[in-house]
Structures are given as structure tokens and as C-alpha cells.
Amino acid sequence: MSTLAVYPGSFDPLTNGHVDIILRGARLFDRIIVAILVNAEKSPLFSMAERVEIARAVFTHLPNVEVDTFEGLLVDYVERRSAQVIVRGLRAVSDFEFEFQMALMNRRLNGKIETVFMMPAEQYSYISSRLIKEVFSLGGRVHGLVPDMVEERLRAKVGKP
Ligand code: PNS
């Protein structure tokens, strides 16, 4: 049986921390779906179409990485796609509490789905999409922390560095 994993998130924007986790997942599982949450509550910097376009462009060379969007409960999406695993990245102890809650809630909602935590390379352990947006909008450099395409899009959107 082949193992299909789902890596869910907002990816607003995709960072090199996300890329690192996806590359690890693509080595570990037969296929990994990068599932971007359609979330009307947040006001994202990047539109859904842009986030999908960026992720597809970054992983175009990897045939076992798929980019998709989802709405509603994550476990329902995972079941619908006949996947067995949810992948989440753990950067620091501070991530653990929320991730632990989500993993156990998801297990309660659907006991057949397993959550697997993966650690990004240490040089990405402090990066978050929120910090990238904040630093860039205040004129700081984010080179090397996000894919080049994200940096270009940030420049086009926010202007500056
Ligand atoms: O990138 P993020 O914001 O950390 O991703 C959070 C995400 C998308 C994994 C989480 O918000 C989610 O799964 N949302 C879908 C709704 C859902 O299933 N909520 C219950 C989770 S226990």
C-alpha cells in the first residue's frame, strides 16, 4: 500500500521552512499533498490563487508533491483524499502545545489518521510566515528564508527591499 500524506497550512507565504518539511515528506512518503486552507476569517497577504501558483512552481520538479486547497475540517479532507497521514512541522517547544492539541483533536475526530511531526533544518527553526511578512514590510531582508519567487512577489506587493 502506498502512503499518502497531507501537509496542511495557510502558507501565506510559503517559507523555506515549509519547503524543507515538504522535501523531507516527499522522501518519506509515496506522495505528499500540500493542502492550503481556504480561510475567509484571516485577511491574507497572498490570494489563494497566488499561494497555489507559488507552491506549484516551487515543487514543479517533484512529481510526488501535489498542491491543493481545502475548506472545512482537515480530517474530512484527508479522508476524502484517502490519505493516511497529516504532516506538521515542529520548530520549537513553543509550537508543541498547539500542535499537540490539534493532533489529539484530529485523532478524536478520525482515529484512522496519524499525525507525524517533522523538524525543519535548524537554520529555519525561527522562521514563520507572520515574521517574514512583518520583517519585509518594515524593510528587512528575507533573502534565503523564502523561495526566490516569494521574495519577488513580496517586492511587487509591498515594495522595498
Ligand atoms: O499554517 P497554519 O495556520 O498553522 O495551519 C493551521 C491548519 C490549517 C492546519 C489548521 O487551522 C486546520 O487544520 N484548519 C482546518 C479546520 C480544522 O480541521 N480545525 C480543527 C483542527 S483540530
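First, a word on scope: everything that follows refers to the structure included in this document. (Residues numbered from 1 in each chain as written. Predicted model: local features only at pLDDT ≥ 70, side-chain atom pairs only at ≥ 80, totals over all residues. Heavy atoms only, no water.)

### Regarding the layout of surface pockets
Item 1. Counted as a void, the largest pocket has a volume near 1,100 Å³.
Item 2. The wall of the largest pocket is formed by 42 residues, among which Pro8, Gly9, Ser10, Lys42 and Arg88 lie closest to the centre.
Item 3. Those elements that provide at least two residues to the lining of the largest pocket are strand S1 (4-9), helix H1 (16-28), strand S4 (85-89), helix H4 (93-109) and helix H5 (129-137).
Item 4. Sort the elements by how many residues they give to the lining of the largest pocket and H4 lands first, with nine residues.
Item 5. Residues of the lining of the largest pocket, tallied by class, amount to 19 nonpolar, 14 polar and nine charged. (1 Å grid on protein atoms, 1.4 Å probe; cavity = no way out; pocket = protein on both sides within 12 Å on 5 of 7 lines; lining within 4 Å. Points joined across faces, edges and corners; volume = space filled by probe spheres on them. Helix = DSSP H or I, 4+ residues; strand = E, 2+ residues; numbered from the N terminus. Nonpolar A, V, L, I, M, F, W, Y, C, P; charged D, E, K, R; others polar.)

### Observations concerning the side chain of Glu99
Item 1. Structurally, the position occupied by Glu99 is in helix H4.
Item 2. What makes Glu99 buried here is its relative accessible area of 6%.
Item 3. Setting aside chain neighbours within four positions, we find Glu99 in contact with Arg88, Leu90 and Phe117. (Buried < 20%, exposed > 50% of the residue type's maximum accessible area, 1.4 Å probe, protein only. Contact = heavy atoms within 4.5 Å.)

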